[in-house]
Structures are given as structure tokens and as C-alpha cells.
Amino acid sequence: IGFVSLPDDKAYTVDLVLPPMKLEEVRGSIELQLEEHISLLVADVVFDYDLVPPIKAGAKLEVVVFVLPRLVVETYLKVFPQVGLNILAIETQSEALARTLVLPESLATTAIVDIGRSHTATFLLKNGVVTAAAAVPVGGEAITTSLQKNLKIEFAQADKLKMEKGLSRAKD
């Protein structure tokens, strides 16, 4: 049994401000306006949301909505049981990293940058909740290739240098 984290390049992250309402009315309100913010029909997506603190009675609500295409979710729900994995929950990469790296009660604005082999994902958090997510198709492999070309060294040597020094500007 486990959580599955899906890449944000398959998801939408939508930051909404809703008028004052009862918490049990939030999901319905999101459904009514979600199509204004994404390029899919509400019937073709699965979504969840987080309320951005502070939440005050009678005040507007800031809500971050995480949206995945229903077909993507259903594909994962079919595949994982076939390999013996039972899914407890599906979340986006940004939600998983935020849950792991940032305390929920954090009031700081935080940025998380996840540099993978072939892409880089950036997430912004406000009061412990992801409010924006973006990914670009440039990752660690491109950094290694750039080091290789600029320093005129072998790829393996450039990769080792990248791993040892990271993004440091230190002169050692």
C-alpha cells in the first residue's frame, strides 16, 4: 500500500480565490469554475484541493486545486495492481515534495527546485501549500553536457564534477 506521485507536467495547479462560503461548498464551487482555468472538461479530470492558511470565518478562501486528467489516473490505477502495488493515494510531484520537505505550519514563502535527469520542476509554496508548479525539459544531463563542452572534458568526468561540486561557486 502506498502513495503515488505523478509528474507535474501531466497536471494543472490552479490557485483560486473563492468568496466566503461553508467549507462543504468549496468542491462544488471549484467544479463550477475549473474549466475557465484548464483546457479539459471537468468530467475528464480528477482533482483535489488545499486551502491556503489562514482560514478565517467570513473571509475569502484561497484554494489551490491539483488537477490530473482522468485517463492518466485511471491508467495508473490499472497498472499498479498488476505489479502487486496497492495505491492508497495519488498526488502530484509538487505535493509529495512539499509534504516531505516543508512543515505544514510553515508560514514562509518557499521555493523547491527539483533537477532531474531530463527536466527541472519548480514549485512555490505559500504557508506550506503549493501555489504554483512548472516544469521545463532541461535537467541534469544538460548541465553535464554543458560542463563537458565548456571545460572540454569527457562526459563521465563532467558528471563526476557536477556531482561533487553541485551548483557551488566555491573556488576550491
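Refer to the structure above for everything that follows.
These lines cover the structure that appears in this document, whether it is placed above or below. Small disclaimer: the values here were computed from a predicted structure and weren't measured. (Residues numbered from 1 in each chain as written. Predicted model: local features only at pLDDT ≥ 70, side-chain atom pairs only at ≥ 80, totals over all residues. Heavy atoms only, no water.)

## A closer look at the sheet that holds strand 2 (residues 12-18)
Across the sheet, 3 strands lie side by side as 2-4-3; this open sheet has antiparallel pairing. For this open sheet the edge positions go to strand 2 and strand 3 (45-51), each flanked by a neighbour on one side alone. Strand-to-strand twist in this sheet, taken as the mean axis angle between neighbours without regard to direction, amounts to 25 degrees. The strands touched by helix 1 (residues 26-33) are strand 2, strand 3 and strand 4 (61-69); relative to strand 3, the strand with the most contacts, the crossing angle is about 125 degrees. (Pairing = 2+ DSSP bridges. Helix = DSSP H or I, 4+ residues; strand = E, 2+ residues; numbered from the N terminus. Axes fitted to C-alpha atoms, helices over the stretch in contact; angles between N-to-C directions. Contact = heavy atoms within 4.5 Å.)

## Digging into the environment of S39
Relative to the helices and strands, S39 resides in the loop between helix 1 and strand 3. In this structure S39 comes out as exposed when scored by relative accessible area, which is 61%. Here Y12 takes part through its side chain, which lies 2.6 Å from a polar atom of the side chain of S39. (Buried < 20%, exposed > 50% of the residue type's maximum accessible area, 1.4 Å probe, protein only. Polar contact = N/O pair within 3.5 Å; in protein donor to acceptor, adjacent residues only side chain to side chain.)

## Structural notes on helix 1
Within helix 1, the full set of buried residues consists of V26, S29, I30 and Q33. Within helix 1, the buried residues cover an arc of 100 degrees as seen down the axis, which keeps them to one side. The inward-facing, buried residues of helix 1 contact strand 2, strand 3 and strand 4. (Arc of directions from axis to C-beta.)

## Some words on the packing of aromatic side chains
Inspection of every chain in the model, using the stated rule, returns 1 aromatic pair. Plain terms: the ring middles of Y76 and F80 are 5.7 Å apart, the flat faces sit at 20 degrees to each other, and that makes the pair stacked. One end of the pair, Y76, and the other, F80, are both in helix 2 (residues 70-82), 4 residues apart, so they sit about a helical turn from each other. Looking at Y76, the relative accessible area reads 26%, which means it is partly exposed. Take F80: its relative accessible area is 18%, and that puts it in the buried class. The positively charged end of R27 is found above the aromatic ring belonging to F47, 4.5 Å away from the centroid. Sitting over the face of the ring of F3, R99 holds its NZ or CZ atom 5.0 Å from the ring centroid. (Phe/Tyr/Trp six-rings, centres within 6.5 Å; stacked < 30°, edge-to-face > 60°. Lys NZ or Arg CZ within 6 Å of the ring centre and 35° of its normal.)

## Quick word on the pattern of salt bridges
By the definition in use, this model includes 6 salt bridges. In this structure, the salt-bridge partner of E91 is R99, at a minimum N-O distance of 2.3 Å. Judged by its relative accessible area of 9%, E91 falls in the buried class. On the accessibility criterion, R99 (48% relative accessible area) is partly exposed. Between K160 and E164 there is a salt bridge, with the nearest N and O atoms lying 3.9 Å from each other. Note that K160 and E164 are positioned in helix 5 (residues 155-165) at a spacing of 4 residues, about one turn of the helix. (Salt bridge = Lys/Arg side-chain N within 4 Å of Asp/Glu carboxyl O.)

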